[in-house]
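Residues per chain, in single letters:
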Amino acid sequence: MNGKNGEPNSKDLYALLHVSPEASDEEIRKAYRQWAQVYHPDKYQSPQMKEIATENFQRVCEAYEILTDENKRMIYDIYGMEGLTSGLELGPKLNRVEEIKEELERLRRQKEQEKDSAHVRPSGSILANLSLPDFLDGDGIMRGMGMASEVQSKISKRTSLAIGGNLAVNANSGGGAATAILRHHVSQVSSVEFMGSIGLQSLLGVQTSRQLSAHSTAVMGLTMSLRDGWINLSNTWTRQLSDTTNGNIQLSLGPESSIGVGWRKKEKKMSAAGELKIGTSSFGATAHYTHSFSSKSHGRIAGTIGSGSLALEIGGGRKISKFSTVRMMYSIGIQGLIWKFELNRGGQKLVVPILLSNYLNPVFATGAFIVPVSLYFTLKKLVFKPYYLRREKQKASANFEKTQIQVQEARAAAKKAQQLLQNVSNRKRNKQLEMGGLVVVKAVYGNHKALLNRHKSEEMENEVASQIIDVTLPLNFLVNDSGQLKLHEGVKKSGIMGFCDPCPGEPKQLYVEYTYGGARYEVTVDDYDELLIPQERHRV
């Protein structure tokens, strides 16, 4: 389950004891005893050191108490510390792990349903169809316009209502319709929808869906025209073919009967889909492939071929803010050369297709593609990128000011923890030096961009230092007797004893420079990734 801001549960208690999230009770007890030997207050004479030891010993004891209690550990693994401190009281009758998990899931669903019940989700789109040839002929640039809007609202825990409408104008003709859809979840595996539409096409319809198994779903729909009286029956069967791929078969019986097959694949960096449909008087095939270059940008290529269409689209999109995305697509087909621009913000969409030419001239088609793309990359380099960098810097500065006190306190606590680790850490380091074993020479943890810029210029030294923390000492402490160091996967490194989070809300990495057998090594890992050293592939 994700924590705040969509991050995975940080599992700081596991990091604190330096154990894996899958650690057994015996491994947790062993880790607790090791840390208790370091931080037990009775070991220290100085009042200041005794106070520091007491503070860290209490943290170790709290982690041990939670992780060795099966019920508390289950809550912590699902909800983190928030689940233990936010009033999720389970009651004395819930003794088994299965009962606790079931109750926690019930509470989670209840909170989500309450949130959805009070939430109204509007969405809409505007289409502005432009034509350059018509404009050059003096007929005006606007070919047509369309607008659609919908509002969805929960009217009960299982029932929602969507009301919408659309208007379209093309040359001297136009039309519109108003639609209402009532959705009801009959159970966790089945639902039913009732639809009514009044306007250019007056329709009544009903659709039911049911999950047939863990990997397959069936949808059946019946639609009747109030104007012509025709009836259309549709069936769709969807089957999950793998963890990332599903396929479907569609059958439609009515005025235009058809059968279709399709598939869809979605992975972290790419998505692809294809469909083939054959009807009584037409046929068509579509496919598209989308590749994510980063978390903010993607490229896309799509193709359509059929009895009434032939087109190839190529383009891409970029996320320009938390809620906004822009997309540019270039289309070559029997309809001509078209540039299409899309702006999505929240649930609203603006689509502007611009017809450049009705003819497929190769020279003009190439120029119509290259010139706008070149202009885009020029603007990106001279205008967009400096603007985004300046805005990101302002956001980072605002976040720094907001969390400055919190970070200062965390740094002070990490420094105190390192003081108690210092003697043991130095002994381990000297022992490894004598043996020619693993010695951490330099280790820093913090903002991934700050790590990249740490050697660039002296002017950036203060800015970089505020976003990273030196963790050389605690890593030398964690080197085991076999001369190895392992940080577990899925555990946020800021929770390790002697670490802290120097830049809350920012992506973080850990850089480690170490020696082993007289050779020099270095490695950089992401916040939740496993670190296992020494490894030959880290050799410099």
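What comes next is a walk through the structure. What you see is a predicted model, and the numbers here were worked out from it, not measured in a lab.

**Some points on the overall build of the chain**
Each helix and strand counted, the chain has eleven helices and 23 strands in total. Taking the contacts inside the chain whose residues are at least 6 apart along the sequence as the reference set, 42% of them involve residues at least 24 apart. With an accessible surface of roughly 32500 Å², the chain has 56% of that area assigned to carbon and sulfur atoms.

**Examining the nonpolar core**
Ranked by size, the top nonpolar core spans 54 residues in total, and within it Tyr39, Leu475, Leu510 and Val512 carry the most contacts. Not counting chain neighbours up to four residues away, the residues in contact with Leu475 comprise Val440, Ala443, Leu485, Leu487, Phe499, Leu510 and Val512. Residues Tyr330, Leu337, Leu356 and Ala368 belong to the second largest nonpolar core, which totals six residues.

**So, a negative patch on the surface**
On the surface, Glu22, Glu489, Asp526 and Asp529 cluster together into a patch of negative charge. With respect to the element layout, Asp526 can be found in strand S22 (residues 519-526).

**A look at unusual backbone geometry**
Going from Ile533 to Pro534, the amide bond is cis rather than trans, its omega being 5°. Mapped onto the elements of the fold, Pro534 is located in the segment after strand S23 (531-533). The phi dihedral of His18 falls on the positive side, at around 60°, and the residue is not glycine. Looking at the secondary structure, you find His18 in the loop between helix H1 (12-17) and helix H2 (25-39).

**As for the sheet that holds strand S19 (residues 468-470)**
Here four strands make up an open sheet; going across it, the order is S19-S18-S21-S22 and the pairing antiparallel. Unpaired on one side and paired on the other, S19 and S22 mark the two borders of the sheet. Each adjacent strand pair in this sheet contributes to an overall mean axis angle of 15°, direction not counted. Both strand S21 (residues 508-516) and S22 contribute to a ladder of eight bridges, which runs antiparallel. Among the inter-strand pairings, Val512 is bridged to a residue of S22, identified as Val523.

**Remarks on the pairing of strand S6 (residues 203-211)**
Note: strand S5 (residues 190-199) against S6, eight bridges, orientation antiparallel. Bridge pairing in S6 places Phe194 opposite Val206. Two successive antiparallel strands, S5 and S6, enclose a turn made up of three residues. Taken together, the nine bridges between S6 and strand S7 (residues 216-225) define a ladder with antiparallel strand orientation.

**Here's the deal with the environment of Ser292**
Assignment of secondary structure puts Ser292 in strand S12 (residues 283-292). Taking the C-alpha atoms as reference points, Ser292 and Met270, separated by 22 residues in sequence, lie 5.9 Å from one another. Contact partners of Ser292, with chain neighbours within four places excluded, come to Lys268, Lys269, Ser297 and His298.

**Considering the state of the cysteines**
For the structure on display, the rule yields zero disulfides. A disulfide-free cysteine, Cys500 has its sulfur positioned 9.1 Å from the sulfur of Cys503, the nearest such atom. Accessibility expressed as a relative area gives 3% for Cys500, which makes it buried. Given the relative accessible area of 5%, Cys503 is considered buried.

Rules behind the numbers
- Residues numbered from 1 in each chain as written.
- Predicted model: local features only at pLDDT ≥ 70, side-chain atom pairs only at ≥ 80, totals over all residues.
- Heavy atoms only, no water.
- Helix = DSSP H or I, 4+ residues; strand = E, 2+ residues; numbered from the N terminus.
- Contact = heavy atoms within 4.5 Å.
- Areas by Shrake-Rupley, 256 points an atom, 1.4 Å probe, with all protein chains shown as cover.
- Core = buried A, V, L, I, M, F, W, Y, C linked by side-chain atoms within 4.5 Å.
- Buried < 20%, exposed > 50% of the residue type's maximum accessible area, 1.4 Å probe, protein only.
- Patch = residues over 30% accessible without salt bridge, like charges linked within 9 Å, V, L, I, M, F, W, Y side chains within 5 Å.
- Salt bridge = Lys/Arg side-chain N within 4 Å of Asp/Glu carboxyl O.
- Lys, Arg positive; Asp, Glu negative; His and termini not counted.
- Charge placed at Lys NZ, Arg CZ, Asp CG, Glu CD.
- Pairing = 2+ DSSP bridges.
- Axes fitted to C-alpha atoms, helices over the stretch in contact; angles between N-to-C directions.
- Disulfide = S-S within 2.5 Å.

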